[in-house]
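Here are the chains, one letter per residue:
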Amino acid sequence: MLRYDASAVNAPPPQLIPLLDALHCGAALIDRRGVYAHVNPRLAAMYGRPADQLVGKRIGQTYTRGRAPEAKLNALLRNLDHPAEGQLFIERADGEDLPVVFGVRSLELPEQAASSSNAEFAVITVFEFSQQQQTLEQIAELSDTMLDQALRLRGDNHELEARVRERTRQLHDANMTAITMLAVASEARDEDTGNHVRRIEAYTAAVAQQLGLDENDAERLGYSSILHDVGKIHVPDHILKKPGRLTDAERSEMQEHTLIGERILGDNPFFATARQIARSHHENHDGTGYPDGLAGDEIPLPARIVHVVDVFDALASPRVYKEAWPPDKARAAILEGRATQFDPAVVDAFAACLNNATIQPL
């Protein structure tokens, strides 16, 4: 067990250490100075160093060749209260650079309010950039394992029920962090991707509720929408970032991201809705979309919803090939596509969300 020097490292909450150490991804606790308070075995392996050589160091101090991404790290620490995702590289002990995607979530503990001696921490989770398929399998495995543990704890005792609720919350947070990081990785060349996927999640959930889905189903559709473009991780930069019109061959390769995304998401039930969205969110109401030429109710409802909100956000956001459209102009384009490109009922629900401000564009 690691020993912590209280003068240099704030002792981490002991109840979280077993959870972090059990994760198949890299994970660590950092304090507000950016100092590693705990590093799990997977992250230590990514660095190629023992964990006790990392604990007590600021993240920037793990870069020994003067190439620390100081601006990105400083921005991250200044906004530690807000969820963040992005790309970095880890400088390994063998001199190699390991590209990773990371997610950071602030950690709120009930006992912090009762004791001023408890430091505030954030959880950082790290995935190797090239292992998105393995990561998805790990999310599903984590989901199955933790739910099974939670069910075994279920009983009449209030303490056990509280532990079930806490395990469920931890599962949800771990899954959401990993899923969002994968979405960032799939479009990592776009600096706004993290904000884009959060907007798509919020817009999708709002429209789903406007259509009459209950809050739990709407939330499920929302987090499933985050992975709508995960297949783009296999689209080359020269296509994804091309400022001009795509050639027919380039357009065909771009459209393959729908099928690739479905394959990446595998066959685990946890990703059933995400698979529907990944494959079908470019299908048009009149049957002119891709990849299957589905029309009307043949298109799964989650994909119909994401089609509308994704196009709206793409129009209202800056892209390498265009300036951002004013929200009113983007809204008009969505209304114009009603009953041709988009499901009329979804468009009406989307317009209602804009009117009642449950959707607030950029």
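Now for a description of the structure that goes with this document. (Residues numbered from 1 in each chain as written. Predicted model: local features only at pLDDT ≥ 70, side-chain atom pairs only at ≥ 80, totals over all residues. Heavy atoms only, no water.)

## Thoughts on the pattern of salt bridges
Applying the stated rule across the entire model yields twelve salt bridges. Salt-bridge contacts for Arg199 lead to Asp313; the nearest nitrogen and oxygen are separated by 2.6 Å. One end of the pair, Arg199, is in helix H6 (residues 193-210); the other, Asp313, is in helix H12 (residues 301-316), and 114 residues separate them in sequence. One exposure class covers both Arg199 and Asp313, and it is buried. (Salt bridge = Lys/Arg side-chain N within 4 Å of Asp/Glu carboxyl O. Helix = DSSP H or I, 4+ residues; strand = E, 2+ residues; numbered from the N terminus. Buried < 20%, exposed > 50% of the residue type's maximum accessible area, 1.4 Å probe, protein only.)

## A few points about empty space enclosed by the protein
Unfilled space is identified by rolling a water-sized probe across the atoms. In total, this model carries two cavities of 30 Å³ or more according to the counting rule given. Size it by volume and the largest cavity reaches roughly 100 Å³. What lines the largest cavity is Tyr36, Leu43, Tyr47, Ile59, Tyr63, Leu88, Phe89, Ile90, Val100, Phe102, Ile124 and Val126. Residue assignment for the lining of the largest cavity shows that the elements contributing at least two residues are helix H2 (41-47), strand S3 (84-91), strand S4 (97-107) and strand S5 (121-128). If one sorts the elements of the lining of the largest cavity by residue count, S3 sits on top with three residues. Looking at the lining of the largest cavity, its residues break down into twelve nonpolar, no polar and no charged. Taken as a whole, the second largest cavity spans an internal volume of roughly 40 Å³. Around the second largest cavity, the lining residues are Glu283, Asn284, His285, Ile299, Arg304, His307, Val308, Gln341, Phe342 and Asp343. (1 Å grid on protein atoms, 1.4 Å probe; cavity = no way out; pocket = protein on both sides within 12 Å on 5 of 7 lines; lining within 4 Å. Points joined across faces, edges and corners; volume = space filled by probe spheres on them. Nonpolar A, V, L, I, M, F, W, Y, C, P; charged D, E, K, R; others polar.)

## Points about the packing of aromatic side chains
Inspection of every chain in the model, using the stated rule, returns four aromatic pairs. Judged by centre distance (5.3 Å) and plane angle (85°), the rings of Tyr63 and Phe89 are edge-to-face. Here Tyr63, found in the loop between H2 and helix H3 (70-78), pairs with Phe89, found in strand S3; they are 26 residues apart in sequence, far enough to count as distant. Of the residues examined, Tyr63 reaches a relative accessible area of 8% and is grouped as buried. Geometrically, the ring pair formed by Phe312 and Phe350 is edge-to-face, given 5.0 Å between the ring centres and 65° between the ring planes. On the criterion of sequence distance, the pair formed by Phe312 in helix H12 and Phe350 in helix H14 (residues 344-355) is long-range, its members being 38 residues apart. Take Phe312 and Phe350: they sit in the same class, and that class is buried. A cation over a ring is seen here: Lys329 above Trp325, with NZ or CZ 4.2 Å from the ring centre. (Phe/Tyr/Trp six-rings, centres within 6.5 Å; stacked < 30°, edge-to-face > 60°. Lys NZ or Arg CZ within 6 Å of the ring centre and 35° of its normal.)

## What to know about the packing of helix H7 (residues 215-225) against helix H11 (residues 272-280)
The packing of two helices is summarised by the inter-axis angle and the distance between the axes. The contact between H7 and H11 brings their axes to 8 Å, and the two run at 55°. Taken as axis vectors, H7 and H11 run oblique relative to one another. Crossing angle aside, the handedness with which H7 passes H11 is right-handed. Of the residues in H11, those in contact with Arg220, Leu221, Ser224 and Ser225 of H7 are Thr273, Ala274 and Ile277. Among the residues forming the contact of H7 with H11, the class breakdown is three nonpolar, three polar and one charged. (Axes fitted to C-alpha atoms, helices over the stretch in contact; angles between N-to-C directions. Parallel < 35°, antiparallel > 145°, perpendicular 65-115°, else oblique. Left-handed = near helix turned anticlockwise from the far one by under 90°. Contact = heavy atoms within 4.5 Å.)

It is worth stressing that arrangement in space is one thing and function is another; only the former is reported here.
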